Amino acid sequence: MAFTPSSSGPHDLALRNGSVVLPDGTVNTTLYVRDGLVSAIGGEAPAARTIDCTGLTILPGVIDTQVHFREPGAEENEDLATGSRAAVLGGVTGVFEMPNTKPTTSTPEAVADKLARAQGRMWCEHAFYVGATSDNADECGTLEQLPGTAGIKVFMGSSTGNLLVSEDAMLERVLRSGQRRVAIHAEDEARLKERLGERVEGDAASHPVWRDDETALRATRRVLALARKTGRRVHILHVTTPAELELIAANRDIASCELTPQHLTMSAEDAYPRLGTLAQMNPPIRSAAHREGLWHWLHQGLPDVIGSDHAPHSLEAKGRAYPASPSGMPGVQTLLPLMLNHVAHHRLSLRRLVDLTSAGPQRLFGLVRKGRIAVGYDADFTIVDLKARWTIEEDWLASRCGWSPFTGEEITGQPIGTVIRGQQVMWEGSLADKPAGQPFRFDATDRPA
């Protein structure tokens, strides 16, 4: 006898005929949604609305755990509305946004301001990192408990913005204040200053020479030692060197890490001659040998998440002669297409991609009701056509900066739909009438009613 979903009236939504990636396998089945939650998997039952997903694959909602949406202070490059619109058009259902805004997100008032700005304007789910500073180092344990926060972010090396915690004594104070996993931009500030002379005027290819392997490795080594000393878990963002991954592998009890699509896709040998300063970011795009080393460690199961490090700047600003040009590139809208293309070319499995973009973020950060397709979880789905062949064109891009280093790339695998808490936010490039993103909830800060 066929199983029939629980009956407490019709379901609000049924997604039929799709290939659904569940925790224990991929099956062709029907997903039911009621009150924004997955209410049943499989069976036959009435629903007020139906989405036909024939030929499509339904993934748990993709979560991008590192974006910079530039609001407040640099809305000419991006804001919470335009950045989150780009996210959902790319199949991303939620983002963790970074604190290097103007003013910085480093006080309770700044967090409250961002949450207020997001209400009714952000298209996807969201949380905001709090930036560690010399002024709030001892209050980080309180700040990380604010609702709507993803935790504490530390910049060990100077990047875009004025948040910097470069000395071990100050970093130790941050790590001793609080319990949640601390996100780290690991570049050694002292070495960056020592090597300023390695920058060549007008030559973006000198960027990875200046911000070399040792700059990253030295910072990662330092923060792992302090994490061990303080018993605090750390999360190393946008890792670019195989040597760092080998070091992190030896410290898995205290360290997790992130890779970006651009570091898995681009190489210095091609990117800088072709793109110039459009390929400039921190830490930098490195050699093809580095890229292949990252893939080696991905196949070893090491990276926990994929984050885009979406960091837009205007074409006018990026057009300045290096090193006056700012570092950063957009990426939230292209994260999933690039990774689906890698799946199509057998560089990783679809299950591994789901782990990196849904289950991994939930597991590391304690997201409530997110990260998998299961009854009782939020009905967040990223719906894709794994076989679609298309080209990333400028007119598809929604970021205010208006460009991507991947424009013109031929891709296999396309985001078709974005569903958040049962609401069809995007379908075949068209958006819902209005944004309805809500703050993420976390085990560490959630206070159930």
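Residues numbered from 1 in each chain as written. Predicted model: local features only at pLDDT ≥ 70, side-chain atom pairs only at ≥ 80, totals over all residues. Heavy atoms only, no water.

Within this structure, the stated rule accounts for 33 salt bridges. Between Arg176 and Glu172 there is a salt bridge, with its nearest N and O atoms 2.9 Å apart. Note that Arg176 and Glu172 are positioned in helix H4 (residues 168-176) at a spacing of four residues, about one turn of the helix. Residues Asp304 and Arg252 are paired through a salt bridge, measuring 2.9 Å at the closest nitrogen-oxygen approach. Of this pair, Asp304 sits in the loop between helix H11 (288-299) and strand E13 (305-306) while Arg252 sits in the loop between helix H8 (242-249) and strand E12 (255-259); the two residues are 52 residues apart in sequence, bridging distant segments of the chain. Asp304 gets classed as buried once you look at its relative accessible area, which sits at 8%. (Salt bridge = Lys/Arg side-chain N within 4 Å of Asp/Glu carboxyl O. Helix = DSSP H or I, 4+ residues; strand = E, 2+ residues; numbered from the N terminus. Buried < 20%, exposed > 50% of the residue type's maximum accessible area, 1.4 Å probe, protein only.)

What follows concerns the confidence of the model for the chain. When pLDDT is averaged along the chain, the result is 96, and 97% of the positions lie at 70 or above. Confidence drops under pLDDT 50 across residues 1-5; counting only partners more than four residues distant or on other chains, this segment forms 10 contacts. (pLDDT = per-residue confidence, 0-100. Contact = heavy atoms within 4.5 Å.)

Moving on, we come to the side chain of Arg352. Within the secondary structure, Arg352 sits in helix H14 (residues 350-365). Separated by 3.0 Å, the side chain of Arg352 and the backbone oxygen of Pro303 make a polar contact. Excluding anything up to four places from it in sequence, Arg352 contacts Leu298, Gly301, Leu302 and Pro303. (Polar contact = N/O pair within 3.5 Å; in protein donor to acceptor, adjacent residues only side chain to side chain.)

The eight strands lie next to each other as E6-E7-E8-E9-E10-E11-E12-E13, forming an open sheet whose pairing is parallel. Strands with a single pairing partner mark the edges of an open sheet, and in this sheet they are strand E6 (62-67) and E13. Pairing analysis gives four bridges linking strand E7 (residues 92-97) to strand E8 (residues 125-131), with the strands arranged parallel. Its bridge partner lying in E8, Glu97 is registered against Phe128. Contacting E7, E8 and strand E9 (149-155), helix H2 (residues 108-118) crosses the sheet at an angle of about 160° to E8. (Pairing = 2+ DSSP bridges. Axes fitted to C-alpha atoms, helices over the stretch in contact; angles between N-to-C directions.)

What follows covers the pairing of E6. Counting buried positions over the six residues of E6 gives six, a clear majority of the element. Sheet topology note: the E6/E7 ladder contains four bridges and is parallel. Looking at E7, one finds that Ile63 is bridged to Gly94.

Mapping Arg421 onto the fold places it in the loop between strand E15 (410-420) and strand E16 (423-427). On a C-alpha basis, the gap between Arg421 and Glu394 in space is 30 Å, while along the polypeptide they are 27 residues apart. Apart from the residues lying within four places of it in its own chain, the contact partners of Arg421 are Gly36, Glu125, Lys370, Asp378, Ala379, Asp380, Ala436, Gly437 and Gln438. Within polar-contact distance, the side chain of Arg421 engages the backbone oxygen of Ala436 at 2.7 Å.

As a further point, take the packing of helix H7 (residues 213-230) against H8. Between two packed helices, the angle of one axis relative to the other and the distance separating the axes together describe the packing. Running from N to C, H7 and H8 cross one another at 15°; their axes reach a closest spacing of 9 Å. Classified by the interaxial angle, the pair formed by H7 and H8 is roughly parallel. Crossing of H7 against H8: the hand is right-handed. For the pair H7 and H8, contact is made by Ala216, Leu217, Thr220, Arg221 and Leu224 and by Ala243, Glu244, Leu247 and Ile248, respectively. (Parallel < 35°, antiparallel > 145°, perpendicular 65-115°, else oblique. Left-handed = near helix turned anticlockwise from the far one by under 90°.)

One pass over the structure, following the stated rule, counts six aromatic pairs. Where Phe96 meets Phe365, the ring centres are 5.2 Å apart and the plane angle is 85°; that geometry is what we call edge-to-face. Here the residue Phe96 occupies a position in strand E7, and Phe365 occupies one in helix H14, the gap between them amounting to 269 residues. Both residues of the pair, Phe96 and Phe365, count as buried. Joined through ring pairs, the aromatic side chains of Phe96, Tyr129, Phe365, Phe440 and Phe442 make up one cluster. Over the face of the ring belonging to Phe442 we find Arg180, whose NZ or CZ atom lies 4.8 Å from the ring centre. (Phe/Tyr/Trp six-rings, centres within 6.5 Å; stacked < 30°, edge-to-face > 60°. Lys NZ or Arg CZ within 6 Å of the ring centre and 35° of its normal.)

Our next topic: the nonpolar core. One finds Val95, Ile152, Val154, Ile184, Val234 and Ile236 to be the most contacted residues of the largest nonpolar core, which totals 71 residues. Excluding residues that lie within four positions of it along the chain, Val154 makes contacts with Ala132, Val165, Leu171, Val174, Val182, Ala183, Ile184 and His185. Membership of the second largest hydrophobic core comes to 22 residues, among which are Trp210, Ala271, Ala279 and Met281. (Core = buried A, V, L, I, M, F, W, Y, C linked by side-chain atoms within 4.5 Å.)

Looking along the chain, the bond that leaves Glu71 and enters Pro72 is cis, with omega of 5°. One can find Pro72 in the loop between E6 and helix H1 (80-89). Residue Pro283 is bonded to the preceding Asn282 through a cis peptide linkage, with omega at -10°. Secondary-structure assignment places Pro283 in the loop between helix H10 (268-275) and H11. At Asp35, a position not held by glycine, the phi torsion is positive, near 55°. With respect to the helices and strands, the residue Asp35 is situated in the loop between strand E2 (25-34) and strand E3 (37-41). With relative accessibility at 65%, the residue Asp35 sits in the exposed group. Positive phi is not limited to glycine here, since Asp309 has a value of about 50°. One can find Asp309 in the loop between E13 and helix H12 (315-318). Judged by relative accessible area, Asp309 falls into the buried class, the value being 5%.

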